[in-house]
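# A closer look at the structure
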Amino acid sequence: FIPESLFVSKQWALALLLAHVTTLILLVIFKWPASSALQQSNKQISSSSSSSGGGQRKRAKSNNNNNLDAGHIVYVMFTSNFAGMAFSRSIHYQFYCWFFHTLPALCWSTPYPSVGKVMIMAVIEMMFLIYPAKPISSALLITAFMLLVLGLFTGSRPQQPIPLPEHKNKSK
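What comes next concerns the included structure. (Residues numbered from 1 in each chain as written. Predicted model: local features only at pLDDT ≥ 70, side-chain atom pairs only at ≥ 80, totals over all residues. Heavy atoms only, no water.)

This paragraph deals with empty space enclosed by the protein. Inspection of the entire model under this criterion finds 1 cavity of 30 Å³ or more. Put simply, the largest cavity is a space of about 40 Å³. What lines the largest cavity is simply Thr23, Leu27, Thr79, Phe82, Ala83, Val149, Leu152 and Phe153. At the level of elements, helix H2 (10-31), helix H5 (70-86) and helix H9 (135-154) are the ones that each hand at least two residues to the lining of the largest cavity. Its residues assigned to classes, the lining of the largest cavity shows 6 nonpolar, 2 polar and no charged. (1 Å grid on protein atoms, 1.4 Å probe; cavity = no way out; pocket = protein on both sides within 12 Å on 5 of 7 lines; lining within 4 Å. Points joined across faces, edges and corners; volume = space filled by probe spheres on them. Helix = DSSP H or I, 4+ residues; strand = E, 2+ residues; numbered from the N terminus. Nonpolar A, V, L, I, M, F, W, Y, C, P; charged D, E, K, R; others polar.)

It is characteristic of soluble globular proteins that their nonpolar side chains tend to be buried jointly. In this structure, Phe82, Phe99, Leu103, Ile124, Phe128, Phe145 and Leu148 are the most contacted members of the largest nonpolar core, which totals 22 residues. Secondary-structure elements contributing two or more residues to this core are H5, helix H6 (93-99), helix H7 (103-107), helix H8 (114-128) and H9. Of the residues forming this core, the biggest block, 6 residues, is contributed by H9. Aside from chain neighbours lying at most four places away, what touches Ile124 is Tyr96, Phe99, Leu103, Leu141, Ala144 and Phe145. (Core = buried A, V, L, I, M, F, W, Y, C linked by side-chain atoms within 4.5 Å. Buried < 20%, exposed > 50% of the residue type's maximum accessible area, 1.4 Å probe, protein only. Contact = heavy atoms within 4.5 Å.)

By themselves, these are just geometric observations and shouldn't be taken as functional.
Here you go:
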């Protein structure tokens with residue numbers, strides 16, 4: 001759906017690069033602040049230490065300045081990978097394997113209703129299955145990508161922390 005002369009031009013490549021870098025910068029500023037993830041992690045630690053014994057409390061106090069919750073780390077990895085995909089010049093089917101498993105988490109980080117989230121995933125899946133790509137399939141894929149990018153900026157990352165396994169001392 002983009003004329004070939006524009007698609008292969010240096011200006012198009014620079015525009016996509018600028019969009020990608022801008023998206024990453026905006027994610028860093030507005031969606032990935034480590035301080036909020038640290039605060040969330042510290043709340044988890046202090047709430048678990050208040051319901052546990054004193055040994056837990058000491059460990060929580062010693063660790064509460066340098067813990068990032070696993071959900072935040074996964075969110076940053078998934079969104080940064082998707083930003084790269086959304087603004088790539090050409091999209092091949094093999095690229096889909098780089099992020100298809102992240103789509104449910106990404107879609108459920110958007111404010112869209114569940115039907116919209118499923119529709120975005122379905123459109124992305126179906127458009128990748130069309131070979132060779134047609135102008136309408138390319139336009140629908142890019143539309144789904146941009147809706148997901150917009151949703152990631154207007155939504156919030158899931159606040160449900162990913163539980164980490166408890167380390168238990170085994171006395172013999």
